[in-house]
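For reference, the chains in residue letters:
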Amino acid sequence: MNYALWIVQALLALLFLFAGGMKLVLPLEALTGSIPMPGAFLRFIGVCEVLGGLGLILPSLLRIRPGLTSPAAARLVIIMIGAIVVTVQGGDVLTAVIPAVVGILAAFIAYGRWRLAPLSAR
């Protein structure tokens, strides 16, 4: 189980680092073109995604407060719930499957690192 959690953690960390990084470096016009949200809020979400991606890996990798991995994953679940709501409100229900799957994987990490294979026990 520990290997499966590490694989999912690494993949989601890369995904969130990429997605959040793009929200931070793209011009606001490109960000707000397809999403009816303020640019500052999208930048905030980008910062949260980058920090969440780092929170999936760094605490466990550096062995500094590895118990923070589970709360980081839980907060990413909240971000994905928001992404699902925004996508469905935009009228694209089929595309909402992607953030739903990412949210389920983040929930798997949160539960797995909290109950199934906690890193702080080692």
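Calculation notes
Residues numbered from 1 in each chain as written. Predicted model: local features only at pLDDT ≥ 70, side-chain atom pairs only at ≥ 80, totals over all residues. Heavy atoms only, no water. Helix = DSSP H or I, 4+ residues; strand = E, 2+ residues; numbered from the N terminus. Buried < 20%, exposed > 50% of the residue type's maximum accessible area, 1.4 Å probe, protein only. Contact = heavy atoms within 4.5 Å. Areas by Shrake-Rupley, 256 points an atom, 1.4 Å probe, with all protein chains shown as cover. Core = buried A, V, L, I, M, F, W, Y, C linked by side-chain atoms within 4.5 Å. Phe/Tyr/Trp six-rings, centres within 6.5 Å; stacked < 30°, edge-to-face > 60°. Lys NZ or Arg CZ within 6 Å of the ring centre and 35° of its normal. Polar contact = N/O pair within 3.5 Å; in protein donor to acceptor, adjacent residues only side chain to side chain. Axes fitted to C-alpha atoms, helices over the stretch in contact; angles between N-to-C directions. Parallel < 35°, antiparallel > 145°, perpendicular 65-115°, else oblique. Left-handed = near helix turned anticlockwise from the far one by under 90°.

Chemist: Provide a residue-level description of the overall build of the chain, including the pertinent values.
Modeler: Helix and strand counts for the chain stand at five helices and zero strands. Projected onto its principal axes, the C-alpha positions of the chain cover 45 × 30 × 15 Å. Buried positions account for 34% of the 122 residues belonging to the chain. Of all intrachain contacts in the chain linking residues separated by at least 6 positions in sequence, the fraction that spans at least 24 positions is 62%. Carbon and sulfur atoms provide 75% of the accessible area of the chain, an area that totals close to 7,300 Å².

Chemist: Explain the nonpolar core to me, and be specific about the residues and the numbers.
Modeler: Leu-12, Phe-16, Leu-56, Leu-76 and Ile-109 are the most contacted members of the largest nonpolar core, which totals 16 residues. Here this core gets five residues from one element, more than from any other, and that element is helix H4 (residues 69–89). Non-local contacts of Leu-56, meaning those with residues more than four positions away in its chain, are made with Gln-9, Leu-12, Ala-13, Phe-16, Thr-69, Ala-72, Ala-73, Leu-76 and Ile-109.

Chemist: Would you mind going over the packing of aromatic side chains in detail, with residue names and values included?
Modeler: One pass over the full model with this rule turns up one aromatic pair. Ring centres 6.4 Å apart and planes at 35° place the aromatic pair Phe-41 and Phe-44 in the tilted group. Of this pair, Phe-41 and Phe-44 both sit in helix H3 (residues 39–62), separated by three residues, roughly a single helical turn. Using a relative accessible area of 38% as the deciding quantity, one classes Phe-41 as partly exposed. Directly above the aromatic system of Trp-114 lies the positively charged group of Arg-115, at a separation of 4.1 Å from the ring centroid.

Chemist: Account for the side chain of Lys-23, naming residues and giving values.
Modeler: Structurally, the position occupied by Lys-23 is in helix H1 (residues 2–25). At 3.0 Å, the side chain of Lys-23 and the side chain of Glu-49 are in polar contact.

Chemist: Which residues make up helix H5 (residues 97–116), and what are the values?
Modeler: Within the span of H5, buried status applies to Pro-99, Val-102, Gly-103, Ala-106, Ile-109, Ala-110, Gly-112 and Arg-113. At its buried positions, H5 is contacted by H1, H3 and H4.

Chemist: Explain the packing of H3 against H4 to me, and be specific about the residues and the numbers.
Modeler: Remark: H3 packs on H4, axes separated minimally by 8 Å, with the N-to-C direction vectors making an angle of 150°. Taken together, the axis directions place H3 and H4 in an arrangement best described as roughly antiparallel. The interaxial crossing formed by H3 with H4 has left-handed handedness. Contacts between H3 and H4 involve Ile-45, Cys-48, Glu-49, Gly-52, Gly-53, Gly-55, Leu-56, Pro-59 and Ser-60 on the former and, on the latter, Thr-69, Ala-72, Ala-73, Leu-76, Ile-79 and Met-80.

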